Amino acid sequence: MLKAKDQSVGGLTKGIKTLFKQNKVDYIKGAASFVSPNRIAVKLLDGGETEVEATNVIIATGSEVAPFPGGAIQIDEKQIVSSTGALDLQQVPGKMVVIGGGIIGLDMGSVWSRLGVEVTVVEFLGGIGGAGIDEEV
């Protein structure tokens, strides 16, 4: 199962790079900061720096796992895992608790549920699914 997942991720990554190339999208790996509303400075991952100018800028920085308050519980990626770690579990657990009923948490829960795991989702807010989700559906 993990091998199939790794092959899928690899294929999707290569597919995205191909789409970028076909549609003349520049892909720069690095840490970016705004110099002005339409100019971005980038510290390149492979060393060096560059600047990019654009009329429109989309900020799509991915997600970071929120630490538990007080730091009493650490994400060890073995027993307590992030969404990324959940994709690398080496065996299917019998039970799983997903903390966070947003899109990522529900996606992880549904994947593991389809594999036979008893999943419980815990959400602090009054509804599940994340911002913009119709709670009546």
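Heads up: the structure comes first, above all this text.
Residues numbered from 1 in each chain as written. Predicted model: local features only at pLDDT ≥ 70, side-chain atom pairs only at ≥ 80, totals over all residues. Heavy atoms only, no water.

Undergrad: Please set out the overall build of the protein chain residue by residue, giving values where relevant.
TA: Regarding its fold elements, the protein chain presents three helices and five strands. Along the chain direction, N to C, the helices and strands of the protein chain fall in the order α-β-β-β-α-β-α-β. When burial is assessed residue by residue, the protein chain has 12% of its 137 residues classed as buried. Taking the intrachain contacts of the protein chain between residues at least 6 apart in sequence as the baseline, contacts between residues at least 24 apart amount to 22%. For the protein chain, the computed accessible surface area is about 11100 Å², with 57% contributed by carbon and sulfur atoms. (Helix = DSSP H or I, 4+ residues; strand = E, 2+ residues; numbered from the N terminus. Buried < 20%, exposed > 50% of the residue type's maximum accessible area, 1.4 Å probe, protein only. Contact = heavy atoms within 4.5 Å. Areas by Shrake-Rupley, 256 points an atom, 1.4 Å probe, with all protein chains shown as cover.)

Undergrad: Give me the lowdown on the sheet that holds strand S3 (residues 49-53), citing residues and values where you can.
TA: Strand order in the open sheet formed by three strands is S1-S2-S3, and the pairing between neighbours is antiparallel. The open sheet has two edge strands, strand S1 (30-36) and S3, and neither has a second partner. Averaged over all pairs of adjacent strands, the angle between their axes in this sheet comes to 25 degrees, without regard to strand direction. Relative to strand S2 (residues 39-44), S1 is paired through six bridges, and the arrangement is antiparallel. Within S2, the residue paired with alanine 32 across the bridge is valine 42. (Pairing = 2+ DSSP bridges. Axes fitted to C-alpha atoms, helices over the stretch in contact; angles between N-to-C directions.)

Undergrad: Break down a nonpolar patch on the surface for me, with residues and values.
TA: Together, Phe34, Val57 and Ile59 give the surface a local cluster of nonpolar side chains, amounting to about 290 Å² of exposed area. With respect to the secondary-structure elements, valine 57 resides in the loop between S3 and helix H2 (83-86). According to the relative accessible area criterion, valine 57 is partly exposed, its value standing at 35%. (Patch = residues over 30% accessible without salt bridge, like charges linked within 9 Å, V, L, I, M, F, W, Y side chains within 5 Å. Salt bridge = Lys/Arg side-chain N within 4 Å of Asp/Glu carboxyl O.)

Undergrad: Break down the nonpolar core for me, with residues and values.
TA: Of all hydrophobic cores here, the largest spans seven residues; its members are Ala86, Leu89, Met96, Val98, Met108, Trp112 and Val117. Listing elements by their share of this core, those giving two or more residues are strand S4 (95-99) and helix H3 (103-114). (Core = buried A, V, L, I, M, F, W, Y, C linked by side-chain atoms within 4.5 Å.)

Undergrad: With reference to specific residues and values, describe unusual backbone geometry.
TA: Positive phi, close to 55 degrees, is recorded for lysine 24, a residue that is not glycine. Mapped onto the fold, lysine 24 is located in the loop between helix H1 (2-22) and S1. According to the relative accessible area criterion, lysine 24 is exposed, its value standing at 76%.

Undergrad: Tell me about the layout of surface pockets, residues and numbers included.
TA: If a probe the size of a water molecule is rolled over the atoms, the empty space left behind becomes visible. A volume near 1000 Å³ is recorded for the largest pocket. Residue lining of the largest pocket: 33 residues in total, with Val81, Ser82, Ser83, Val98 and Ile99 positioned closest to the centre. Secondary-structure elements contributing two or more residues to the lining of the largest pocket are H2, S4 and H3. For the lining of the largest pocket, the leading source of residues is S4, giving five residues. (1 Å grid on protein atoms, 1.4 Å probe; cavity = no way out; pocket = protein on both sides within 12 Å on 5 of 7 lines; lining within 4 Å. Points joined across faces, edges and corners; volume = space filled by probe spheres on them.)

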